[in-house]
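Residue strings, one per chain:
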Amino acid sequence: AGDASETHGDPATTAAGPTGTGTPAAPAASIHMRCLIFTQDASIIIGKGGSHVNEIREKSGARVMVSESIPGNPERILNVSGPLDAVSKVCMHTD
């Protein structure tokens, strides 16, 4: 005779939903977005002392990185990654 814990789903793969049903948890869709942006736009996104990019990170929950400036190159790379909803918040915040 098996233990009762052996007949139920693995706690690592199930989670109580809003109704406490114990249905399997849906994996969070995670994406990575990479964009070329003008150096002037990067300055606006970063803000003074990184204040604006830090605010974007805090409000969205996404990982936001701007590449270093390369002399003579008018563009920088904006990397945004995280759950789909967090990345979409970044896109709406930087609009």
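This one's a predicted model, so the numbers in the text were calculated from it and none came from an experiment.

Conventions used here
- Residues numbered from 1 in each chain as written.
- Predicted model: local features only at pLDDT ≥ 70, side-chain atom pairs only at ≥ 80, totals over all residues.
- Heavy atoms only, no water.
- Helix = DSSP H or I, 4+ residues; strand = E, 2+ residues; numbered from the N terminus.
- Buried < 20%, exposed > 50% of the residue type's maximum accessible area, 1.4 Å probe, protein only.
- Contact = heavy atoms within 4.5 Å.
- Areas by Shrake-Rupley, 256 points an atom, 1.4 Å probe, with all protein chains shown as cover.
- Pairing = 2+ DSSP bridges.
- Core = buried A, V, L, I, M, F, W, Y, C linked by side-chain atoms within 4.5 Å.
- Axes fitted to C-alpha atoms, helices over the stretch in contact; angles between N-to-C directions.

A. Structural detail: the overall build of the protein. If you tally the helices and strands in the protein, you get 3 helices and 3 strands. Starting at the N terminus, the α and β elements of the protein follow one another as β-α-α-β-β-α. Relative to its full complement of 95 residues, the protein shows a buried share of 20%. For the protein, the share of sequence-separated contacts (at least 6 apart) that also reach a separation of at least 24 residues comes to 57%. Surface summary for the protein: the accessible area is close to 6,800 Å², and the carbon and sulfur share equals 58%.

B. Quick look at the side chain of Asn-79. If you trace the backbone, Asn-79 turns up in strand E3 (residues 75–83). Non-local contacts of Asn-79, meaning those with residues more than four positions away in its chain, are made with His-32, Met-33, Arg-34, Arg-63, Val-64 and Met-65.

C. Quick peek at the pairing of E3. Both strand E1 (residues 30–38) and E3 contribute to a ladder of 9 bridges, which runs antiparallel. Bridge pairing in E3 places Cys-35 opposite Leu-78.

D. Region of interest: the nonpolar core. If you look at the biggest cluster of nonpolar residues, it comprises 13 residues, and the most contacted ones within it are Ala-62, Val-64, Leu-78, Val-80 and Val-90. Excluding its chain neighbours within four sequence positions, the residues that come into contact with Val-90 are Ile-56, Ser-60, Ala-62, Val-64 and Val-80.

E. View of the sheet that holds strand E2 (residues 63–66). Strand order in the open sheet formed by 3 strands is E1-E3-E2, with antiparallel pairing between adjacent strands. Only two strands of the sheet have a single neighbouring strand rather than two, namely E1 and E2. Along the sheet, successive strands turn relative to each other by an average axial angle of 15 degrees, direction set aside. The strands that helix H1 (residues 39–46) touches are E1, E2 and E3; relative to E1, the one it contacts most, it runs at about 125 degrees.

None of this, on its own, says anything about what the molecule does.
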